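Single-letter residue listing:
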2 protein chains.
Amino acid sequence: MIRVLLAEDQAMVRGALSALLNLEPDIEVLGSAADGESAWRELQRLKPDVLVTDIEMPGLTGLEIAQRVRRHELPVKVVIVTTFARPGFLRRALDAGVGGYLLKDAPAENLADALRTVHRGGRAIDPQLALEAWSDADPLNDRERQVLRLAGEGHSASDIGTQLNLSHGTVRNYLSEAIGKLGAANRIEAYRLARQKGWL
Amino acid sequence: MIRVLLAEDQAMVRGALSALLNLEPDIEVLGSAADGESAWRELQRLKPDVLVTDIEMPGLTGLEIAQRVRRHELPVKVVIVTTFARPGFLRRALDAGVGGYLLKDAPAENLADALRTVHRGGRAIDPQLALEAWSDADPLNDRERQVLRLAGEGHSASDIGTQLNLSHGTVRNYLSEAIGKLGAANRIEAYRLARQKGWL
DNA sequence: ACCCCCGGGTGACGCTTGTCACATGCGCAC
DNA sequence: GTGCGCATGTGACAAGCGTCACCCGGGGGT
């Protein structure tokens, strides 16, 4: 019997996934959480075999939970189920030692199979995504990432400078670097590109 | 017996919702579709009582399907189930005469209840969203919307001018207007604001 | 015929962006 | 210490952006 904890912020999807998993005779959903913190608490309380979690959640993200699990060496497997086919996310998930990474685009039957595989100690990674993840790495450094993120939210260079204690000139230098590295025409395009790769 | 067709692009969510609805004794899921066009075809083939659809799908969006249903006077109720709490979307959905508009944030049990209500001829609209929808209307006109959308994708003014057969000066005028109307500081912020309201 | 509104355009203004070449200063290897 | 790399600044330039005041021409009222 595979004992599962479910973390997913959208209540309707959470309920539906729970119903789906409970149809499987060898799977039992112990409980579910709507945000990162409560998922983390329930994880320690219920001690499930497998945690099935989304990435984007209020509080802790699924990736952060996976990192904590690894740091505390909890005896639980983590399976990420997410909308985002972003190589950067998968990369970070693998670094955090997750057992599975599925897309919500994948057929529903895959989920139960993936849980079984992971429970046996195997790995269930979305195949075409796995390729991309190793193909191109994030070219941005920390400063460029920060600056680009702020810029993408509509802040001006001087604005960003104030927030990060940098001169507006420096901010523009970083932005220019980032734009160059990404082969974009301006900050907006650069932001979009970085975001869709999961480099944020 | 309520006969339901399900349209939702994420396979896993689609499967899960289907499992959820099939647990209800008075509900039967006839079939499901992964994109707008096939949903429209299945709608005519299966003639369900209720169509449960997401908004963001490849091809036709859920809103466009709802509009078509109204135009063709098909005897099917439409229930929108979406992630987006955007007043503009609800507004357009109501204009298209949908029977229900639920958020994926709502508890899973609501879905079956909403289907029953709508099947009886009632309406099931997310309450707090309903308030917002009537509070602030989209201040943008068509040109401003077009221009803002392109600008948000990273195109420059001259770029946009070429695409729409306008002078770059005119494009900047529209952009300026839009920025003003939305109380934003620049095109990026304006784009974000408009987007999150569902005015796109 | 008159006026006025509306979509589109022009030109000018000052500010912001994107780019680049060149400084400064700090820490680390040797 | 000398040298190198890295992070941060500076100053200049051209291009793009945001704003505004104003122009033009075609409909529609009245």
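Just so you know, the residues in each chain are numbered from 1, in the order the chain's sequence is written. Written order decides the labels, with chains lettered from A and ligands numbered from 1. Selection of residues for local features in this predicted model requires a pLDDT of at least 70, selection of side-chain atom pairs for listing and counting requires 80 or more, and totals for whole chains, interfaces and linings are taken over all residues. As a convention, hydrogens and water are excluded, and side-chain values are obtained from all of the structure's heavy atoms.

Chain A is annotated in an unreviewed UniProt entry as Response regulator transcription factor of Luteibacter jiangsuensis.

Trainee: Describe the protein's contact with DNA strand C, with residues and values.
Mentor: For this description, a residue counts as near a given molecule or strand if any of its non-hydrogen atoms is within 4 Å of it. For DNA strand C, the set of nearby residues contains 16 residues, the closest of which are Arg-172, Asn-173 and Arg-187 of chain A together with Thr-170 and Tyr-174 of chain B. Backbone atoms, meaning sugar and phosphate, make up 53% of the atoms of DNA strand C lying within 4 Å of the protein. Under the rule applied, a polar contact is a pair of N or O atoms within 3.5 Å (in protein, one hydrogen donor and one hydrogen acceptor; residues adjacent in sequence only if both atoms are side-chain atoms). Within the contact set of DNA strand C, a phosphate oxygen lies 2.9 Å away from a side-chain nitrogen or oxygen of Thr-170 of chain B. Asn-173 of chain B places a side-chain nitrogen or oxygen 3.0 Å from a base oxygen of DNA strand C. Helix and strand assignments follow DSSP, with helices taken as H or I runs no shorter than four residues and strands as E runs no shorter than two, numbered in order from the N terminus. Listed by contribution, the elements that provide at least two residues to the surface near DNA strand C are α9 (168-182) of chain A together with α9 (168-182) of chain B. In terms of residues, the surface near DNA strand C owes the most to one element, α9 of chain B, which gives 5 residues. Under the scheme applied, nonpolar residues are Ala, Val, Leu, Ile, Met, Phe, Trp, Tyr, Cys and Pro; charged residues are Asp, Glu, Lys and Arg; polar residues are all the others, including Gly. Grouping the amino acids of the surface near DNA strand C by side-chain chemistry returns 4 nonpolar, 8 polar and 4 charged.

Trainee: Which residues make up the protein's contact with DNA strand D, and what values go with them?
Mentor: Of all residues adjacent to DNA strand D, which total 17 residues, the nearest are Thr-170 and Tyr-174 of chain A together with Arg-172, Ser-176 and Arg-187 of chain B. Taking all atoms of DNA strand D within 4 Å of the protein, the share assigned to sugar and phosphate is 57%. For DNA strand D, a phosphate oxygen lies 3.0 Å from a polar atom in the backbone of Ser-167 of chain A. Take Ala-157 of chain B: an N or O atom from its main chain is 3.1 Å from a phosphate oxygen of DNA strand D. Counting residues per element, the ones that place at least two in the surface near DNA strand D are α9 of chain A together with α9 of chain B. The leading source of residues in the surface near DNA strand D is α9 of chain A, at 5 residues.

Trainee: A description of the UniProt feature "domain: Response regulatory" (unreviewed entry) in chain A should follow, citing residues and the corresponding values.
Mentor: UniProt positions are given in the numbering used here, feature names are shortened, and annotations may be inferred rather than shown by experiment. When the UniProt feature table is mapped onto this chain numbering, "domain: Response regulatory" (unreviewed entry) sits at residues 3-119 of chain A. Annotated as residues 3-119 of chain A, this span is 45% helix and 22% strand, and its ends, taken at the C-alpha atoms, are 10 Å apart.

Trainee: Explain helix α4 (residues 87-95) of chain A to me, and be specific about the residues and the numbers.
Mentor: Regarding α4 of chain A, the residues found buried are Pro-87, Gly-88, Phe-89, Leu-90, Ala-93 and Leu-94 of chain A. Looking at the residues trailing α4 of chain A, positive phi occurs at Gly-97 of chain A, about 75 degrees. Classification of residues uses two cut-offs on accessible area relative to the type maximum, computed with a 1.4 Å probe and protein chains only: under 20% is buried, over 50% is exposed, and between them is partly exposed.

Trainee: Requested: an account of the sheet that holds strand β2 (residues 27-33) of chain A, with residues and values cited.
Mentor: Residue and element names in this part refer to chain A. Here we have 6 strands laid out as an open sheet, ordered β2-β1-β3-β4-β5-β6, and parallel in their pairing. Each edge of the sheet is formed by a strand with only one pairing partner; in this case those strands are β2 and β6 (124-125). Here strand β1 (residues 2-7) runs beside β2; their pairing, made up of 6 bridges, is parallel. Of the residues in β2, the one forming a bridge with Arg-3 is Glu-28. When checking whether two residues touch, look at their non-hydrogen atoms; a contact exists if any pair is within 4.5 Å. A fitted line through C-alpha atoms serves as each axis, taken over the contacting stretch for helices, and the angle formed by two N-to-C directions is quoted from 0 to 180°. Against the sheet, helix α1 (residues 11-22) makes contact with β1 and β2, and its axis sits at roughly 165 degrees relative to β2, the strand it touches most. The criterion for strand pairing is that DSSP finds at least two bridges linking the strands in question.

Trainee: Would you mind going over the packing of aromatic side chains in detail, with residue names and values included?
Mentor: The rule is short: rings of Phe, Tyr and Trp, with Trp giving its six-membered ring, pair when the centres are within 6.5 Å, and they are stacked under 30 degrees, edge-to-face over 60, tilted in between. Applying the stated criterion to the full structure yields 2 aromatic pairs over all chains. Judged by centre distance (6.1 Å) and plane angle (85 degrees), the ring pair of Phe-84 of chain A and Phe-89 of chain A falls under edge-to-face. Whether a charge lies above a ring is judged from NZ of Lys or CZ of Arg, which has to be within 6 Å of the ring centre and within 35 degrees of the ring normal. Cation over ring: Arg-68 of chain B sits above Trp-40 of chain B, and NZ or CZ is 5.2 Å from the ring centre.

Trainee: Describe in detail the confidence of the model for chain A, supporting the description with residues and values.
Mentor: Every residue is assigned a pLDDT by the predictor, reflecting its confidence on a scale from 0 to 100. Overall, the prediction assigns chain A a mean pLDDT of 91, with 98% of residues at 70 or greater. Both confidence scores are given for the complex: pTM 0.77, ipTM 0.76.

Trainee: Pulling in residues and values, what's your account of the relation of the copies chain A and chain B?
Mentor: Least-squares fitting of one copy onto the other uses the C-alpha atoms of those residues that reach a pLDDT of at least 70 in both copies. When chain A is fitted onto chain B, the two copies agree to an RMSD of 0.2 Å after a turn of 180 degrees and an axial shift of 0.1 Å. Here the copies are linked by what is in effect a two-fold axis. Among all C-alpha atoms of chain A, that of Ala-16 of chain A lies closest to the rotation axis, at 2.4 Å. Both copies share a contact surface, since 100% of the interface residues of chain A are interface residues in chain B too.

Trainee: Would you mind going over the UniProt feature "modified residue: 4-aspartylphosphate" (unreviewed entry) in chain A in detail, with residue names and values included?
Mentor: All names here are of chain A. The UniProt record marks Asp-54 with the feature "modified residue: 4-aspartylphosphate" (unreviewed entry), using the residue numbering of this structure. Here Asp-54 lies in the loop between β3 (50-53) and α3 (62-71). Not counting chain neighbours up to four residues away, the residues in contact with Asp-54 comprise Ala-7, Glu-8, Asp-9, Gly-62, Val-81, Thr-82 and Lys-104.

Trainee: Could you give an account of the environment of Glu-42 of chain A, with specific residues and numbers?
Mentor: Residue and element names in this part refer to chain A. Inspection of the secondary structure puts Glu-42 in helix α2 (residues 36-46). Residue classification places Glu-42 among the buried positions, given a relative accessible area of 19%. Once the C-alpha coordinates of Glu-42 and Leu-30 are considered, the two residues, 12 residues apart in sequence, prove to be 9.6 Å apart. Beyond its immediate sequence surroundings of up to four residues, Glu-42 is in contact with Leu-5 and Lys-47.

Trainee: Tell me about the nonpolar core, and name the residues and values.
Mentor: Only buried residues count toward a nonpolar core, which is a set of Ala, Val, Leu, Ile, Met, Phe, Trp, Tyr and Cys residues joined through side-chain atoms within 4.5 Å. Residues Leu-17, Leu-111 and Leu-115 of chain A together with Val-4, Leu-17, Leu-111 and Leu-115 of chain B are the most contacted members of the largest nonpolar core, which totals 50 residues. Beyond its immediate sequence surroundings of up to four residues, Leu-111 of chain A is in contact with Leu-17, Leu-20, Leu-21, Val-81 and Leu-102 of chain A together with Met-12 of chain B. Counting 28 residues, the second largest nonpolar core, distinct from the first, contains Ala-33, Ala-39, Ile-65 and Val-69 of chain B.

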